Amino acid sequence: MLSLEELAGKIRSCTLCDLHKNRTNAVPGEGPEGSDIMLIGEAPGYHEDQEGRPFVGDAGDLLTDLLKRAGLERSDVFIGNVLKCRPPENRDPTEKEIETCSPYLEKQIRFLEPKLIVSLGRFAARLLTGRSVKVSDEHGELKDVEYAGWSCKLFVSYHPAAALYGADARRKLEEDFDRLGELIKDLDSFKTSKQTTF
């Protein structure tokens, strides 16, 4: 199996879909190889595309603050996205783009074998659960999920960018991450499993 850094190299040079034609940088994701927690968003935005790093700019600053509410630092967790390249004008990812890019996320999950994945926004939640998720109804919930041959816990929340457009979304995000901070106190008790036939 490729290491995270080897996989990141493949992502940075990927040309599997048309998004590579307009990117400044692909954004593989970042975090320690031993991380028990993954945060998965939708796709890079303008600042992420410029820097080649996930969640920078205003939404990234907010995510850093939210992690601190949960008793975490960015360096404690792996942060990535469903798509590794920015869609033009930050439009929604297409089904084809998700299908083409998701094997990278699958490999990252199988490498890290996290105890907990936090989905940030509906695209990540839908991909990881295999069904449509209404985040406004399911945020703050802890679920059992199986994805990429790996079974673990999934915590559903909003994308931090949502909080930049409304105080209500920010309040809900803060409440979610307060709850997350309580949940991860029992992280060692979270059960995981791997499908050896995957």
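The numbering scheme is per chain: residues are counted from 1 as the chain's sequence reads. Selection of residues for local features in this predicted model requires a pLDDT of at least 70, selection of side-chain atom pairs for listing and counting requires 80 or more, and totals for whole chains, interfaces and linings are taken over all residues. As a rule here, side-chain values cover all heavy atoms of the structure and leave hydrogens and water aside.

Asker: Residues and numbers for the overall build of the chain, please.
Answerer: Each helix corresponds to a stretch of at least 4 residues labelled H or I by DSSP, and each strand to a stretch of at least 2 residues labelled E; elements are numbered beginning at the N terminus. The number of helices and strands found in the chain is 7 helices and 6 strands. Start at the N end of the chain and walk to the C end: the helices and strands fall as α-β-α-α-β-α-β-α-α-β-β-α-β. The buried share of the chain, taken over its 198 residues, is 51%. Contact criterion: two residues are considered in contact whenever any of their non-hydrogen atoms come within 4.5 Å of each other. Contacts in the chain between residues at least 24 apart in sequence constitute 72% of all its contacts with a sequence separation of at least 6. For the chain, the computed accessible surface area is about 9600 Å², with 45% contributed by carbon and sulfur atoms. Counting 28 positive and 35 negative side-chain charges, the chain places the centres of these two groups 3 Å from one another. Three exposure classes are used, based on accessible area relative to the maximum for each residue type with a 1.4 Å probe and protein chains only: buried under 20%, partly exposed in between, and exposed over 50%. Here the accessible surface of atoms and residues is derived via Shrake-Rupley with a 1.4 Å probe, and residues count as covered only by protein chains that are part of the display. Charge assignment: positive for Lys and Arg, negative for Asp and Glu; neither His nor the chain ends contribute. By convention, the point assigned to a charge is CZ for Arg, NZ for Lys, CD for Glu and CG for Asp.

Asker: I'd like to hear about the pairing of strand 4 (residues 142-147), residue by residue, with values.
Answerer: Burial along strand 4 is one-sided: the residues Lys143, Val145 and Tyr147 are buried and none of Leu142, Asp144 and Glu146 is. Strands are labelled as partners when DSSP assigns at least two bridges between them. Inspection of the sheet shows strand 4 paired to strand 5 (residues 150-157) by 6 bridges, in the antiparallel sense. In the sheet register, Glu146 faces strand 5, and the bridge partner there is Ser151.

Asker: So what's going on with the environment of Gly130? Residues and values would help.
Answerer: Turning to its location among the elements, Gly130 is positioned in the loop between helix 5 (122-129) and helix 6 (135-138). Since its relative accessible area comes to 66%, Gly130 is described here as exposed. As a C-alpha pair, Gly130 and Tyr147 span 17 residues in sequence and 8.4 Å in three-dimensional space.

Asker: Tell me about the nonpolar core, and name the residues and values.
Answerer: Ile37, Leu39, Leu116 and Phe177 are the most contacted members of the largest nonpolar core, which totals 58 residues. If one sorts the elements of this core by residue count, helix 4 (residues 95-112) sits on top with 6 residues. Discounting chain neighbours no more than four positions away, the residues touching Phe177 are Leu39, Leu63, Leu66, Leu67, Arg69, Ala70, Leu120 and Ser157. For the purposes of this section, nonpolar cores are sets of buried Ala, Val, Leu, Ile, Met, Phe, Trp, Tyr and Cys residues that join through side-chain atoms within 4.5 Å.

Asker: Describe the pattern of salt bridges, listing the residues and the values that go with them.
Answerer: For side chains of opposite charge, pairing can occur when their charged atoms come near one another. When a carboxyl oxygen of Asp or Glu is within 4 Å of a side-chain nitrogen of Lys or Arg, the pair counts as a salt bridge. This model, assessed by the stated rule, comprises 20 salt bridges. Glu5 serves as the salt-bridge partner of Arg12, at 3.2 Å between the closest nitrogen and oxygen. Here Arg12 falls in the partly exposed class, since its relative accessible area comes to 43%. Glu5 sits in the exposed class, given a relative accessible area of 51%.

Asker: If you had to explain the state of the cysteines to someone new, which residues and values would you point to?
Answerer: Where two cysteines share a covalent bond between their sulfur atoms, that bond is called a disulfide. A pair of cysteine sulfur atoms is labelled a disulfide when the two atoms are within 2.5 Å. All chains considered together, the criterion is met by 0 disulfides. The thiol of Cys101 is unpaired, and the distance to the nearest cysteine sulfur, on Cys14, comes to 6.5 Å. You can call Cys101 buried: its relative accessible area is 12%.

Asker: Please provide a residue-by-residue account of helix 1 (residues 4-12), values included.
Answerer: Note: α-helices contain 3.6 residues per turn, so residues at a spacing of three or four share the same orientation. Looking only at helix 1, the buried set comprises Leu4, Leu7, Ala8 and Ile11. Projected down its long axis, helix 1 carries its buried residues within an arc of 105°, all on one side. Those residues of helix 1 that are buried lie in contact with strand 2 (78-81) and helix 4. As used here, the arc belongs to the directions running from the helix axis to the C-beta atoms.

Asker: Just give me the short version of the packing of helix 3 (residues 57-69) against helix 7 (residues 167-183), but keep the residues and values in it.
Answerer: The interhelical angle for the contact between helix 3 and helix 7, taken along N-to-C directions, is 40°, at an axis separation of 8 Å. For the element pair helix 3 / helix 7, the angle class is oblique. The way helix 3 lies across helix 7 gives a crossing that is right-handed. Along the contact surface, helix 3 presents Leu62, Leu63, Leu66, Leu67 and Arg69, while helix 7 presents Arg170, Leu173, Glu174, Phe177 and Asp178. Axis definition: a line fit to C-alpha positions, over the contact stretch in the case of helices; interaxial angles, taken between N-to-C directions, run 0 to 180 degrees. For classification purposes, an angle smaller than 35 degrees is called roughly parallel, one larger than 145 roughly antiparallel, one from 65 to 115 roughly perpendicular, and anything else oblique. Note on convention: near helix rotated counterclockwise from far helix by under a right angle means a left-handed crossing. Clockwise means right-handed.

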